[in-house]
Amino acid sequence: MSTVAYITARGLFGRRRVLLLLPLPILLVGLALICRSYNVDPNQWGQAVVVGLGLAVVLPVTSLIVGTGVLGSEVDDGTIIHILTKPLPRRDIILAKLLVAAGVSAVVAAVPLFVAGILADNVHFGLALAIAAVIGAVAYSALFLLLSLLTRRPVLLGLVYILVWEGLLGRFVSGTRVLSIEQYVITIADKIAPTDMLPGKVNLTVAIVMSAIFAIGGTIYAINRLGSFSMAGETS
Amino acid sequence: MSEAGVIHDIGYQRYQGPRLGRGAVLGALYTHGLRAAFGLGRSAKSKIFPWGVAGIVLLIAVINAGVRSQTGTWLFDYYQLDNTMSWLVIFFVAIVAPELVSRDIRSGVLPLYFSRPLRAADYVIAKVAALVTAVWLLLGVPQFVMFLTGAFTTKTGMKGVWHELGLLIPGWGYSLLWALIFTSISLLIASLTGKRAFAAGGIVAVFLMTAPVVGVLSVLPSDTAHHLAGLASPIALINGVEIWLRNRTDLGLDIGDLGPIYGIEAFCLIAACLLLLLARYRKVASL
Amino acid sequence: MSVVELQNVSRWYGNVVAVNDISMTLQPGVTGLLGPNGAGKTTVLHMMAGFLSPSRGTVTIDGKPTWRNPSIYRSLGLVAEREAVHGFLTAREFVTACAKMQKLPDPTAAATRALEMVEMTDAQDRRIETFSKGMRQRARVAGALVHEPQVLLLDEPFNGMDPRQRMHMMDLLHALGDQGHTILFSSHILEEVEQLSGLVQVIVAGRLAASGDYRRIRRLMTNRPHVFALQSSDDRRLAVALIGEKSVSGVEIEPGGLTVRASDYGSFTRALPRIALGEGIRLRRLLPSDESLESVFSYLLEA
């Protein structure tokens, strides 16, 4: 299992693609620093930066890039076959990839959110954001890992989820918020460190339960799908 | 026991007749691009996303028109239609720009293209024109639907229709501005990679990244920062230009009297992106 | 010893039947899976390797089904047709990773052995993305051989190899076959199959057209006259005598000798020496000229 994680991690970092992960966190911290240095009231910029950029963009987009990259690229170019023709239980393979994906996403998203949280309010707030971000990273990664196995264009579907489902519909149709990981993250962070900056609109129990369902259910379904992975040759 | 080898002329002849020029190549590339944008001539799967987005925008315009015909006022006018649909336009452009440009890079057909009488400039112009047309149609057709409702339900006859037309034309111009800005940025990003998924993600990320920057800049204590906040994001930039050109102050963004700067930046942004695109394909063309 | 068995296996996609009721058993040694493009060779190989489930029938290795059964990979190695491999790894890293994922007790030694077997020892520390096509292929074979599997499946393994690499790979497969491994490789290039193995499984349009030694298959095709090239001390007199023989259906006289078409292989081979002796003609050369795999294959395709 660790070999799979090693190959996955090297595949992720060995390419220029990893540089794409940098601009978003840098921007987040940069904006927070600017606002803080001008002594702007956090209530004015906190929501825009922490939620609008951090939780709505940095966390999901990072999880998307990483989550689809760990499995989707191997399925796409066919190198997955080298991992599948080994007597490894499919559970181990998925867990190894999930670990790498969630780990990287969590670090890339939680660290700048932590810093931004400190700049916006205090350490407690920063910690709340970081913890919620980690939970969100796990849920998003499981979801995008599953999408990589369900469809040949996981990035596109992931974008539909982030932009259309969470972004557009979540704004206007309150029912869709129950299935929006972004909302769970906001609610959990709000519960740990309540402020006016986090517009939590979902019940806390629902948030926790649904996050667990996304994470665990997604993983189980992905393990199942990997077990039935079919390759029909060049005509597939 | 060998005979001298002979190759017989069975009719393969080189074409000696008149050939269409560069203009025809450009036109062909343009039509192909426009058709590919909407998935025409390809499988059903490639039609889902573009037509889906177009359908949603059209639906909203129809609802808007319905409201107008019932109550006599718009839910949102021609300009507001574009502004509300911003996320859908981002999505549309994030899908279509990679289809137009990244696919050519991935499949390695660029050397084939450029070994024809096609210059890098022609290629860029054709692709840009195709995407601009696609986005403009995406926004312009719903605006036209709104116009038709307005024209048919007007109570002042021909004068009303002319009045409505006078509102439609600037609305179309606004849509054209949207098309130009979104096209230049997204095509530039898409031309950097052969993988459509990355291009789409990159385009979305760029547009989403810049929105909170506007929010931050607008709460900074400096007045100049307020007025210039809109420059940071393409959507806010377009809004700024709208406010400047329509000379109104009630449309959300506060730009003071720095309006011309917005206009200049819009122009420079489009020009810079196009020149960078040109430079990118010049490099490929010389391979 | 591992026995790969397909029993009444069919695989269809909607209305298209890719594999149509195939039953075969693979014995130790090298077997060639022969067929034109699109015949279903890759489908059969992928079903054997557990990457496709049969729509009907069973695919088993030692009695255990291959679908959804990762433990078969302990004794199975697959070299797929797609040349995909993790390019950012060096050859040694890749083979070692394969060894580790196979849970071998000494991955580094196994990797070294495998790399030596494919003669990649001097290039082992270069990244695979810098390799040529043939070298990439060899790296993948090394990865599939590192755990010394009982069953080795190769899909068009000689694609893109230069003649020297091809010869070497054939020797390797021969040696492995002689050691008792079960090796199945697919190809549509007849010369490769002819050189590598006598046993073939011929798939045409999803059906198993023939299996076994291709020379014996040829003899079974009694509706096709066997063709022989004959050289003797007096061709014309021999031709006259042969035409009177019942088992001969045609004789052509050519500057270089006779071409005899015989409808019955056995009777003709018994009658020919008798006739030659009777006429006092010395036979210089007798060659069956359509026992090649190529003619067998083309006869099967036309059938």
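Reading guide: rules and limits
Residues numbered from 1 in each chain as written. Chains lettered and ligands numbered in written order. Predicted model: local features only at pLDDT ≥ 70, side-chain atom pairs only at ≥ 80, totals over all residues. Helix = DSSP H or I, 4+ residues; strand = E, 2+ residues; numbered from the N terminus. Rg over C-alpha atoms; globule rule 2.2 N^0.38 Å. Buried ≥ 20, exposed ≤ 12 C-beta atoms within 10 Å, placed from the backbone. Contact = placed C-beta atoms within 7 Å. Axes fitted to C-alpha atoms, helices over the stretch in contact; angles between N-to-C directions. Parallel < 35°, antiparallel > 145°, perpendicular 65-115°, else oblique. Left-handed = near helix turned anticlockwise from the far one by under 90°. Nonpolar A, V, L, I, M, F, W, Y, C, P; charged D, E, K, R; others polar. Domains from an automatic or database assignment. Pairing = 2+ DSSP bridges.

Take the overall build of chain A next. Summing up its helical and strand segments, chain A has nine helices and zero strands in all. Tracing chain A from N to C terminus, the helices and strands come up as α-α-α-α-α-α-α-α-α. Here the C-alpha atoms of chain A give a radius of gyration of 18 Å, agreeing with the 18 Å that 2.2 N^0.38 yields for 236 residues. Counting across all 236 residues of chain A, residues that qualify as buried make up 55%. Pairs at least 24 residues apart make up 77% of the contacts formed inside chain A by residues separated by at least 6 positions.

Tallying secondary structure elements over chain C gives ten helices and 14 strands in all. Expressed along its principal axes, the backbone C-alpha trace of chain C runs to roughly 70 × 45 × 30 Å. For chain C, buried positions account for 42% of its 303 residues. Counted over contacts in chain C with a minimum sequence separation of 6, partners at least 24 positions apart contribute 68%.

Moving on: unusual backbone geometry. Residue and element names in this part refer to chain C. Phi is positive for Asn8, close to 50°, though the residue is something other than glycine. With respect to the helices and strands, the residue Asn8 is situated in strand 1 (residues 4-13). Its identity as a non-glycine residue notwithstanding, Asp21 has a phi of 55°, on the positive side. By the C-beta count within 10 Å, which is 15 here, Asp21 ends up partly exposed.

Right, let's get into the arrangement of the chains. When the two pairs of chains in contact are compared, the highest contact count belongs to chains A and C. Regarding chain B and chain C, the two do not touch, and the least distance separating their C-alpha atoms is 12 Å.

All names here are of chain B. Contact geometry of helix 6 (residues 120-152) with helix 7 (residues 157-190) gives a least axis separation of 8 Å together with a crossing angle of 155°. Relative to helix 7, the element helix 6 lies roughly antiparallel. Seen from above, helix 6 lies across helix 7 with right-handed handedness. When grouped by side-chain class, the residues that make up the contact of helix 6 with helix 7 number 17 nonpolar, six polar and two charged.

All names here are of chain C. The domains assigned to chain C are domain 1 (4-213) and domain 2 (221-302). Relative placement of domain 1 and domain 2: their C-alpha centres are 40 Å apart. Taken together, the nine residues of domain 1 in the interface contact five residues of domain 2. Elements with a contribution of two residues or more to the side of domain 1 that touches domain 2: helix 6 (190-196), strand 9 (199-204) and strand 10 (207-213).

All names here are of chain C. Here we have four strands laid out as an open sheet, ordered 2-1-4-5, and antiparallel in their pairing. Only two strands of the sheet have a single partner each, and these edge strands are strand 2 (16-26) and strand 5 (64-65). Examined bridge by bridge, strand 4 (residues 56-61) and strand 5 share two bridges and lie antiparallel to one another. Along strand 5, the bridge assignment pairs Ile61 with Lys64.

It is worth spelling out the pairing of strand 3 (residues 29-34) of chain C at this point. Residues and elements named next belong to chain C. Most of strand 3 is tucked away: five of the six residues are buried. Where strand 3 and strand 8 (residues 182-187) come together, six bridges link them in parallel fashion. Across the sheet, the residue bridging to Leu33 is Ser186, located in strand 8.

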